[in-house]
Amino acid sequence: MALKVLLGNEAIAYGAVEAGVHVATGYPGTPSSEVLGTLAVLAREKGFYAEWSTNEKVALEVATGAALAGARAIVTMKHVGLNVAADALMTLAYLGVEGGLVLVVADDPGPHSSQNEQDTRLFGRFAKVPVLDPATPREAKEMTVYAFDLSEKLHLPVIIRPTTRVSHVCQEVEVSEEYNPRPVRGFKIDPRWVCMPSLAAQKHPWLNAQQEKAQELFVTAPFNEVQLVSKSGIIASGVSYNYVREALDRLGAEASLLKIGTPYPLPESLVVDFLRQVERVLVVEELEPVVEEQVVAAAFRHNLCLPIAGKRDRMVPREGELDVDRVTPVVARFLGVKYVPPEGSALPPLPQRGPILCAGCPHRASFYIFKEAARGMNAVFTGDIGCYTLGIAPPLGTVHTCLCMGASIGMAMGLWRAEPRRKCVAFLGDSTFFHNGIPGLIDAVYNQADIVVVVLDNCTTAMTGHQPHPGTGRTAAGDATREINIAELARACGVAYVREVDPLNSREAFAVALEALRRRGPSVVVMKSPCTQLIKPQGRYQVNPAKCAQYKFCVDTVGCPAILPGEEHPVITDKCVGCGFCATICPADAIERVGE
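Residues numbered from 1 in each chain as written. Predicted model: local features only at pLDDT ≥ 70, side-chain atom pairs only at ≥ 80, totals over all residues. Heavy atoms only, no water.

J.: With reference to specific residues and values, describe the overall build of the protein chain.
T.: Per the secondary structure count, the protein chain includes 19 helices and 22 strands. Taking 2.2 N^0.38 as the reference for a compact globule, 596 residues should give roughly 25 Å; the C-alpha atoms of the protein chain span a radius of gyration of 27 Å, in line with that estimate. Seen through its principal axes, the protein chain has C-alpha atoms that stretch 80 × 70 × 50 Å. A buried classification covers 56% of the 596 residues belonging to the protein chain. Within the protein chain, contacts between residues at least 6 apart in sequence are counted, and of these 78% link residues at least 24 apart. (Helix = DSSP H or I, 4+ residues; strand = E, 2+ residues; numbered from the N terminus. Rg over C-alpha atoms; globule rule 2.2 N^0.38 Å. Buried < 20%, exposed > 50% of the residue type's maximum accessible area, 1.4 Å probe, protein only. Contact = heavy atoms within 4.5 Å.)

What follows is the structure, given as structure tokens:
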């Protein structure tokens, strides 16, 4: 064993290796991406298989196939990714598994980088599969090993639900350098793997019975701890336990604590024993009252009459991420302790600084070109999930909607159906196109939608850490593979007008954009230029004061962070990466490459 300082996500990956994982799959999404990113590196060293899948549903299906053959498999995603994989998960719970199958679904309270704050523990209850809620990276690693064993005992998939703080905080973790996978038993043909309606009816009682078995196993799970010191009790789940402990230290107060690391199904007998030792209880957890509602139900079933505070009485916030500053006044109010924040402890507010596209980002050029090409058309620009969602910000203003992965195409079709005379342009990234854009494109062809689909191909999955995808020509492990050409794929879907162009070549790109907008029926334009983070800077540009007519055109229309308004003329800073797009559109031809 060795001590390593690991992110929570890295700790989960090492736990999977210690458990003898055979297959690892996933789709990138903050805050989960580092789990499979770490596994992909370890896979080459240890000899197991790891892949970035085209989407979360495919990732779960690949892992499921391995688990039915008796292999241990892990699949990673963020919370909204589970929406995509839910179709498989809901039925898989009825079928069960042979080898251990662990889903790492990272939640994002806040949210920091997500379009909602949904709580994966509710999905676990909905699917009737166990959920584990780690409080620290060290516990996350141990939970991963435990989860594989639990999955095989119950013959059910098991969800580990780290939140952003657990995923991205560092801690010293003891890890094993050994990799000792069990032999794979192999798939045995059996009608029980075919979920016909009759089989589902038979398996549902079994699935319900497994909930009781999970409850019994969780009573002795090492992730649930009881500390009895007073008649006031606090039940805390996952990372919230850390906030409660620190809050008590701040207040110099005491309370009996029940730490819950297994929020679903709740270990009822353990909870009931705790309730019998206290006179009142506060439940602290992030997002939904998953633990609280189970505690209330358990108290009712066992005729325990005591006040239970939490989210239902608004003692604990139901929205947003918790931290010690939010939890301390809650604990103080519950215990009747006076709390005055230390003078000067409040940090000054951070400056309001919205996220923007990087200097030289080719997406900026793509947005600008289509905005100009569509001038006077009253066009609607539907956006999607990725860096390019930042196209919403001025001066670009070319993202009018954003819902979920791949939705830009379907939403453009719906908007066009409602307003047939209005042109609709759907923007989505290359990884998003492979993830969930292709079905929408086929629907547009089949139903003859008069829309333009713009694939912003920057040759990577940029927003989540530059993971490869089917269009990059390399696998998660770095091996060369077949590169799927997006333009060819669009043609295969039946699109008549397909063009690929470099958005930094503004003249050619503008002509293509204009032609696509003027055509009838679905069109696809692939705006292909690599992400600036993948290439070396191509020199720098500067403003020639003798030519600049103080238009500030480059400042007001492009929005590049490398271009700032100066006292006499715009100034291009050392953030410039030399893409040269600003030079191609300057009306005064005043932007020149340094040295020319």
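J.: Please set out the sheet that holds strand S10 (residues 232-237) residue by residue, giving values where relevant.
T.: The 5 strands are arranged S9-S11-S10-S12-S13 in an open sheet whose pairing can be described as mixed. The open sheet is flanked by strand S9 (225-227) and strand S13 (308-309), the only strands paired with a single partner. Of the strands in this sheet, S10, strand S12 (280-284) and S13 are in contact with helix H12 (residues 324-335), which crosses S12 at around 170 degrees. (Pairing = 2+ DSSP bridges. Axes fitted to C-alpha atoms, helices over the stretch in contact; angles between N-to-C directions.)

J.: Tell me what's going on with the domain arrangement of the protein chain, and back it up with residues and numbers.
T.: By the assigned domains, the protein chain splits into domain 1 (2-218), domain 2 (225-335), domain 3 (362-528) and domain 4 (541-593). Between domain 1 and domain 4, the C-alpha centre-to-centre distance is 50 Å. (Domains from an automatic or database assignment.)

J.: Lay out the environment of histidine 79 in plain terms, naming residues and giving numbers.
T.: Inspection of the secondary structure assignment puts histidine 79 in helix H4 (residues 79-95). The buried category is assigned to histidine 79, whose relative accessible area is 0%. For the pair histidine 79 and aspartate 119, spaced 40 residues apart in sequence, the C-alpha separation works out to 7.4 Å. With residues near it in sequence (within four places) discarded, histidine 79 still touches Val105, Ala106, Asp107, Asp108, Ser114, Asn116, Gln118 and Thr120. There is a polar contact of 3.1 Å between the side chain of histidine 79 and the backbone oxygen of asparagine 116. (Polar contact = N/O pair within 3.5 Å; in protein donor to acceptor, adjacent residues only side chain to side chain.)

J.: Break down helix H5 (residues 120-127) for me, citing the residues and quoting the values.
T.: Buried residues of H5: Thr120, Arg121, Phe123, Gly124 and Ala127, and no others. Taken end-on, H5 shows its buried residues confined to a sector of 155 degrees, consistent with a single buried face. Looking one or two residues past H5, lysine 128 carries a phi angle of roughly 65 degrees, positive in sign. (Arc of directions from axis to C-beta.)

J.: Break down the sheet that holds strand S15 (residues 424-429) for me, citing the residues and quoting the values.
T.: Overall, parallel pairing links the 5 strands, which are arranged S14-S15-S16-S18-S17 in an open sheet. The open sheet terminates on both sides in strands that have one partner only, identified here as strand S14 (380-382) and strand S17 (497-501). Within this sheet the neighbouring strands show an average axis-to-axis angle of 20 degrees, counted without direction. Here S17 runs beside strand S18 (residues 523-528); their pairing, made up of 5 bridges, is parallel. Opposite glutamate 500, over in S18, you have valine 526 as the bridge partner. Lying over the sheet, helix H17 (residues 506-518) contacts S15, strand S16 (451-457), S17 and S18, oriented at roughly 165 degrees with respect to S17.

J.: Describe the packing of aromatic side chains, listing the residues and the values that go with them.
T.: What the rule picks out here adds up to 9 aromatic pairs. Ring centres of phenylalanine 367 and phenylalanine 427 lie 4.8 Å apart, and the angle between their planes is 75 degrees; this geometry places the pair in the edge-to-face category. Residue phenylalanine 367 is located in helix H13 (residues 362-373), and its partner phenylalanine 427 is located in strand S15; the two are separated by 60 residues in the primary sequence. When its relative accessible area of 0% is taken as the criterion, phenylalanine 367 is described as buried. For phenylalanine 427, a relative accessible area of 0% corresponds to the buried category. Geometrically, the ring pair formed by phenylalanine 370 and phenylalanine 427 is edge-to-face, given 5.9 Å between the ring centres and 90 degrees between the ring planes. Note that phenylalanine 370 is positioned in helix H13 and phenylalanine 427 in strand S15, a separation of 57 residues in sequence. (Phe/Tyr/Trp six-rings, centres within 6.5 Å; stacked < 30°, edge-to-face > 60°.)

J.: How would you explain the pattern of salt bridges if you had to name every residue and give the values?
T.: Here the structure, examined in full by the defined rule, presents 32 salt bridges. Here aspartate 479 makes a salt bridge to arginine 44, at a shortest N to O gap of 3.0 Å. Taken together, the residues span a long stretch of sequence, with aspartate 479 in the loop between S16 and helix H16 (486-492) and arginine 44 in helix H2 (residues 33-46) at a distance of 435 residues. Take arginine 44: its relative accessible area is 55%, and that puts it in the exposed class. The shortest N-O distance in the salt bridge between arginine 165 and glutamate 321 comes to 2.6 Å. Of this pair, arginine 165 sits in helix H7 (residues 164-168) while glutamate 321 is found in the loop between S13 and H12, placing the two residues 156 residues apart along the sequence. For arginine 165, a relative accessible area of 41% translates into the label partly exposed. Through salt bridges with shared partners, a single network forms among Asp107, Asp119, Arg121, Asp133, Arg161 and Glu285. (Salt bridge = Lys/Arg side-chain N within 4 Å of Asp/Glu carboxyl O.)

J.: Can you tell me about the packing of H4 against helix H8 (residues 197-219), naming the residues and giving the values?
T.: Their axes nearest at 8 Å, the elements H4 and H8 cross at an angle of 80 degrees. Our classification of the angle between H4 and H8 gives roughly perpendicular. On the side of H4, the interface is formed by Ala93, Tyr94 and Leu95, while H8 contributes Leu199, Ala200, Lys203, His204, Trp206 and Leu207. (Parallel < 35°, antiparallel > 145°, perpendicular 65-115°, else oblique.)

J.: Please give an account of the environment of tyrosine 146 that cites residues and values.
T.: Mapped onto the elements of the fold, tyrosine 146 is located in helix H6 (residues 137-154). Along the backbone, tyrosine 146 and aspartate 313 are 167 residues apart, and their C-alpha atoms lie at a distance of 35 Å. When near neighbours in sequence (up to four residues on either side) are disregarded, tyrosine 146 contacts Leu132, Leu217, Phe218, Ala221, Pro222 and Phe223.

J.: Please set out the side chain of glutamate 56 residue by residue, giving values where relevant.
T.: Inspection of the secondary structure assignment puts glutamate 56 in helix H3 (residues 56-68). Of the side chains bearing the opposite charge, lysine 78 lies closest to the buried glutamate 56, which forms no salt bridge; the N-O distance is 8.4 Å. The residues contacting glutamate 56, other than those within four sequence positions of it, are Tyr27, Met77, Gly81, Val84, Ala85 and His435. (Lys, Arg positive; Asp, Glu negative; His and termini not counted.)

J.: An account of the packing of helix H10 (residues 268-277) against helix H11 (residues 290-301) is requested, with residue identities and associated values reported.
T.: At a minimum axis distance of 10 Å, the contact between H10 and H11 shows a crossing angle of 70 degrees. With respect to each other, H10 and H11 are oriented roughly perpendicular. Listed contacts from H11 to Glu268, Val271, Val272 and Leu275 of H10 are Val295, Ala298, Ala299 and Arg301. Here the contact of H10 with H11 is composed, by residue class, of 6 nonpolar, no polar and 2 charged. (Nonpolar A, V, L, I, M, F, W, Y, C, P; charged D, E, K, R; others polar.)

J.: How would you explain H12 if you had to name every residue and give the values?
T.: Along its 12 residues, H12 runs 16 Å from first to last C-alpha, staying within 8% of the 16 Å computed at 1.5 Å per residue. Here H12 has its buried residues at Val324, Val327, Thr328, Val330, Val331, Ala332, Phe334 and Leu335. Where H12 is buried, its residues meet S10, helix H9 (240-251), S12 and S13. The N-terminus of H12 is capped by aspartate 323, whose side-chain oxygen sits 3.0 Å from the backbone nitrogen of aspartate 325. Within two residues after H12, glycine 336 carries a phi angle of roughly 70 degrees, on the positive side. (Expected span 1.5 Å × (residues − 1).)

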